[in-house]
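Residues per chain, in single letters:
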Amino acid sequence: MQFIVPKEILDAVKTLQKAGFEAYLVGGCTRDLFMGRKPRDWDVTTNATPEKIQGFFPHTFYENEYGTVGVVNEGAEDDTLKVVEVTPYRIEEKYSDKRRPDSVVFAEKLEDDLKRRDFTINAFAYDPVSHDVFDYFRGEQDLKDKIIRAVGNPKERIGEDALRSMRAVRLAAELNFTVETDTADAIKKLAGNLELIAKERVEDEFSRIVMSPNPMHGIKLLHEYGLLQYVAPELEEGIGVEQNADHIYDVWEHTLRALQHSAERGWPLHVRLAALFHDIGKPRTREWSKEKNDWTFYGHDVVGARMAKEIMRRLKYGNETIDTVTKLVRWHMFFTDIDAITLSAVRRLVRNVGPENVWDLMKVRASDRIGMGRPKEKPYRLRKYESMIEEATRAPVSVGMLATGGARVMEITDEKPGPRIGWMLHALLEDVLDDPTRNEAKFLERRVRELAALTDDELQKSGEKGKEKRLEEEEKELAIIRKKYGVK
Ligand code: ATP
Ligand code: MG
């Protein structure tokens, strides 16, 4: 097989090889190349030492404690090519804390470097110059078979580094692969070690699962392997929790389906997390109602917002994500009964969730519905609600949009406050609505001087005409909005 590799990467490999060293592509980029995907970063492995590597390239920096040298390509257009990570062959010595090797030891042989890698699909090397493949663990075959298999003894490998369990699930979700049985067994047996891993790293893999095309599969795997209890055990409270008559799924299945839908729509992390957590408060608030002869979940939005916040804090999410997701969970129960809903209730919701989040809230609601097994994201009443949001948040047609104001008009004309000022402003508004390019101070001020010369009667007429025009314009704008959402 021959693959085309970007020039920046090929140059780095050639530079090392011309200096007499071995240099290969390895890890995720090789995996992605062989799958026909675009690599998200490029890793080069070599038998040159960090000092040597630095000597071969004009612009480099030390990346981490593993001897990785970042080779900088300032001119690269694609962000993934700006830094090529070049790492010397290494073996890892003892993992006494299940997290990271006690010391970094450089290796002489490529095979030794590949041996310390986590999964066979991440552990074969490719020479982009000769196109040779170095595959000691049948990684290429596993890639074809869509299998995630630990390199060597699964229990040892997972035992050395518990983050590998999260990585296995993340790769399964990203690539839609299965985890080989012995590897899965090792993950299950050693699931408790995940507690020893820094939360930031767990969060990183968890977010990548959530952002993958198959987050529902990924989170079910986390549960099946006993990992979810160390990530977000609250989600497991929803398993088998039957809901009210509107629902065909239990809370667990419903929220996973909501998440899956938001992934299928390509929505961002905070929307996906809100879809996943929106009903997290349900198990703790469920009560049987005799009158309704059904389950109720009063306050699950309030309790759920608190729980979601707590989960995200524990996982060390950034404040902005925590804030937004918490708001989305808190307000996901907004009420869309068309006959009862008013523009001021819509305004209140916009204020509560924040104008910057209100459209994401609609995405959460759409995910919620699809997660219930409904065929459509948006029934009429949700579209009506969205049309009202747009109505409530747009700038109204009014004298407020003029590039001048009452105070300035009084200044120019020397007139006292009174109805004449309002008439003048409305007359100006009519001009501007006829031709928006007139909405600039110079034109308006000249026009104000003309208007000031009119009698009260004349001016009142012009003002009234402006007011009518304003109403017409408002109606037109609302009609456009309603048409956009297909509602009356
Ligand atoms: P992606 O770049 O899509 O995140 P990746 O597999 O390249 O996937 P990186 O974190 O970039 O992930 O790691 C690069 C390579 O380093 C991996 O392919 C793997 O060979 C090795 N590796 C990364 N993390 C571990 C780990 N915890 N244990 C063993 N090997 C690892
Ligand atoms: Mg990578």
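Predicted, not measured: the structure shown is a model, and the values here were computed from it.

### Considering the overall build of the protein
Here comes step 1: Summing up its helical and strand segments, the protein has 23 helices and 13 strands in all.
Here comes step 2: Computed over its C-alpha atoms, the radius of gyration of the protein comes to 31 Å, more than 25% above the 23 Å expected for a compact globule of 488 residues.
Here comes step 3: Referenced to the eigenvectors of the C-alpha coordinate spread, the extents of the protein come out at roughly 95 × 70 × 35 Å.
Here comes step 4: Out of the 488 residues in the protein, the part that is buried amounts to 51%.
Here comes step 5: Summarising the internal contacts of the protein: among those between residues at least 6 apart in sequence, 67% fall at separations of at least 24.
Here comes step 6: Roughly 23500 Å² of accessible area belongs to the protein as shown, and the carbon and sulfur atoms make up 49% of that amount.
Here comes step 7: Separation of charge centres in the protein, based on 79 positive and 87 negative side chains, amounts to 3 Å.

### Things to note about the layout of surface pockets
Here comes step 1: Space inside the second largest pocket adds up to approximately 790 Å³.
Here comes step 2: Around the second largest pocket sit 29 residues that line it, and Asn 244, Asp 246, His 247, Met 333 and Arg 365 are the ones nearest its centre.
Here comes step 3: Elements represented by at least two residues in the lining of the second largest pocket include exactly strand 13 (294-296), helix 15 (300-314), helix 18 (358-371) and helix 19 (380-393).
Here comes step 4: Split into classes, the residues belonging to the lining of the second largest pocket amount to nine nonpolar, eight polar and twelve charged.

### Re the sheet that holds strand 5 (residues 83-88)
Two pairing modes exist for strands in a sheet, parallel and antiparallel, and in both the strands are linked by backbone hydrogen bonds.
Here comes step 1: One open sheet accounts for seven strands, arranged 3-4-5-2-1-8-9; its pairing is mixed. At either end of the open sheet lies a strand with only one pairing partner, and these are strand 3 (60-62) and strand 9 (133-134).
Here comes step 2: Across the sheet, helix 1 (residues 7-18) lies against strand 1 (23-26), strand 2 (43-46) and strand 5, angled at about 145° from strand 1, the strand it touches most.

### Considering the packing of aromatic side chains
Here comes step 1: One pass over the full model with this rule turns up ten aromatic pairs.
Here comes step 2: Measuring from centroid to centroid gives 5.6 Å for Phe 34 and Tyr 126, while their planes differ by 85°, and the two rings are edge-to-face. With Phe 34 in helix 2 (residues 28-34) and Tyr 126 in strand 8 (residues 125-126), the pair connects residues that are 92 residues apart, well separated along the chain. Judged on exposure class, the residue Phe 34 and its partner Tyr 126 are both buried.
Here comes step 3: Through successive ring pairs, a cluster of aromatic residues spans Phe 3, Phe 34, Phe 124 and Tyr 126.
Here comes step 4: Sitting over the face of the ring of Trp 331, Arg 330 holds its NZ or CZ atom 4.0 Å from the ring centroid.

### A short note on the site of ligand 1
Here comes step 1: Close contacts around ligand 1 come from 15 residues, with Arg 31, Asn 122, Asp 161, Arg 164 and Arg 208 the closest.
Here comes step 2: One of the backbone nitrogen or oxygen atoms of Gly 28 is found 3.1 Å away from an oxygen atom of ligand 1.
Here comes step 3: Here Arg 117 contributes a side-chain N or O atom positioned 3.0 Å from an oxygen atom of ligand 1.
Here comes step 4: Summarising the interface, the protein chains cover 83% of the accessible area of ligand 1, which totals 570 Å² for the free molecule.
Here comes step 5: Of all elements in the fold, only helix 2 and helix 7 (163-175) reach the threshold of two or more residues within the shell around ligand 1.
Here comes step 6: No other element matches the three residues that helix 7 contributes to the shell around ligand 1.
Here comes step 7: Tallied by class, the residues present in the shell around ligand 1 amount to no nonpolar, three polar and twelve charged.
Here comes step 8: Built from parts of two domains, the shell around ligand 1 gets at least three residues from each of domain 1 (7-145) and domain 2 (150-231).

### Quick notes on helix 10 (residues 215-224)
Here comes step 1: Those residues of helix 10 that sit buried are Pro 215, Met 216, Gly 218, Ile 219, Leu 221 and Leu 222.
Here comes step 2: On the buried face of helix 10, the contacting elements are helix 7, helix 9 (199-210), helix 12 (251-264) and helix 13 (269-277).
Here comes step 3: Looking one or two places after helix 10, you find Gly 226, whose phi comes out positive at around 75°.

### Digging into helix 8 (residues 181-189)
Within an α-helix, residues lying three or four positions from one another point in the same direction, as the helix has 3.6 residues per turn.
Here comes step 1: Every buried residue of helix 8 is accounted for by Thr 183, Ala 184, Ala 186 and Ile 187. The buried residues of helix 8 occupy one face: seen down the axis, they fall within an arc of 160°. Exposed and oriented more than 90 degrees from the buried face of helix 8 are Thr 181 and Lys 189.
Here comes step 2: On the buried face of helix 8, the contacting elements are strand 10 (147-148), helix 6 (154-160), helix 7 and strand 11 (178-179).

### Focus on the side chain of Glu 391
Here comes step 1: Along the chain, the position of Glu 391 falls in helix 19.
Here comes step 2: Take Glu 391: its relative accessible area is 12%, and that puts it in the buried class.
Here comes step 3: Side chain to side chain, Glu 391 and Arg 482 meet in a polar contact 3.1 Å long.
Here comes step 4: Every residue in contact with Glu 391, bar those within four places of it in the chain, is listed here: Leu 343, Leu 478, Ile 481 and Arg 482.

### Topic: the pairing of strand 5
Here comes step 1: Relative to strand 5, strand 2 runs parallel, the two sharing four bridges. For Val 44, the partnering residue across the bridge sits in strand 5 and is Val 86.
Here comes step 2: Alignment of strand 4 (residues 69-72) against strand 5, held across four bridges, turns out to be antiparallel. By the bridge assignment, Val 69 is partnered in strand 5 with Val 86.

### A few points about the domain arrangement of the protein
Interfaces are often sized by the accessible area lost when the parts come together.
Here comes step 1: Per the domain assignment, the segments of the protein are domain 1 (7-145), domain 2 (150-231), domain 3 (257-393) and domain 4 (399-485).
Here comes step 2: Computed over C-alpha atoms, the centres of domain 1 and domain 3 are 44 Å apart.

### Some points on empty space enclosed by the protein
Here comes step 1: The full count for this structure, using the stated rule, is one cavity of 30 Å³ or more.
Here comes step 2: Of the volumes computed, that of the largest cavity is approximately 50 Å³.
Here comes step 3: Every residue lining the largest cavity is listed: Glu 234, Leu 235, Gly 238, Val 251, Trp 252, Thr 255, Asp 279, Ile 280 and Pro 283.
Here comes step 4: Those elements giving two or more residues to the lining of the largest cavity turn out to be helix 11 (233-236) and helix 12.
Here comes step 5: The element best represented in the lining of the largest cavity is helix 12, accounting for three residues.

### Considering the nonpolar core
Here comes step 1: Leu 25, Phe 206, Ile 219 and Phe 277 are the most contacted members of the largest nonpolar core, which totals 98 residues.
Here comes step 2: The element contributing the most residues to this core is helix 7, with eight residues.
Here comes step 3: Look past the residues within four positions of Ile 219 in its chain and what remains in contact with it is Phe 206, Ile 209, Val 210, Leu 228, Trp 252, Leu 256, Leu 259 and Leu 276.
Here comes step 4: In terms of nonpolar packing, the next biggest core, distinct from the first, is built from 18 residues, Leu 402, Val 409, Leu 425 and Leu 444 among them.

The rules behind these values
Residues numbered from 1 in each chain as written. Chains lettered and ligands numbered in written order. Predicted model: local features only at pLDDT ≥ 70, side-chain atom pairs only at ≥ 80, totals over all residues. Heavy atoms only, no water. Helix = DSSP H or I, 4+ residues; strand = E, 2+ residues; numbered from the N terminus. Rg over C-alpha atoms; globule rule 2.2 N^0.38 Å. Buried < 20%, exposed > 50% of the residue type's maximum accessible area, 1.4 Å probe, protein only. Contact = heavy atoms within 4.5 Å. Areas by Shrake-Rupley, 256 points an atom, 1.4 Å probe, with all protein chains shown as cover. Lys, Arg positive; Asp, Glu negative; His and termini not counted. Charge placed at Lys NZ, Arg CZ, Asp CG, Glu CD. 1 Å grid on protein atoms, 1.4 Å probe; cavity = no way out; pocket = protein on both sides within 12 Å on 5 of 7 lines; lining within 4 Å. Points joined across faces, edges and corners; volume = space filled by probe spheres on them. Nonpolar A, V, L, I, M, F, W, Y, C, P; charged D, E, K, R; others polar. Pairing = 2+ DSSP bridges. Axes fitted to C-alpha atoms, helices over the stretch in contact; angles between N-to-C directions. Phe/Tyr/Trp six-rings, centres within 6.5 Å; stacked < 30°, edge-to-face > 60°. Lys NZ or Arg CZ within 6 Å of the ring centre and 35° of its normal. Near = heavy atom within 4 Å. Polar contact = N/O pair within 3.5 Å; in protein donor to acceptor, adjacent residues only side chain to side chain. Domains from an automatic or database assignment. Arc of directions from axis to C-beta. Core = buried A, V, L, I, M, F, W, Y, C linked by side-chain atoms within 4.5 Å.

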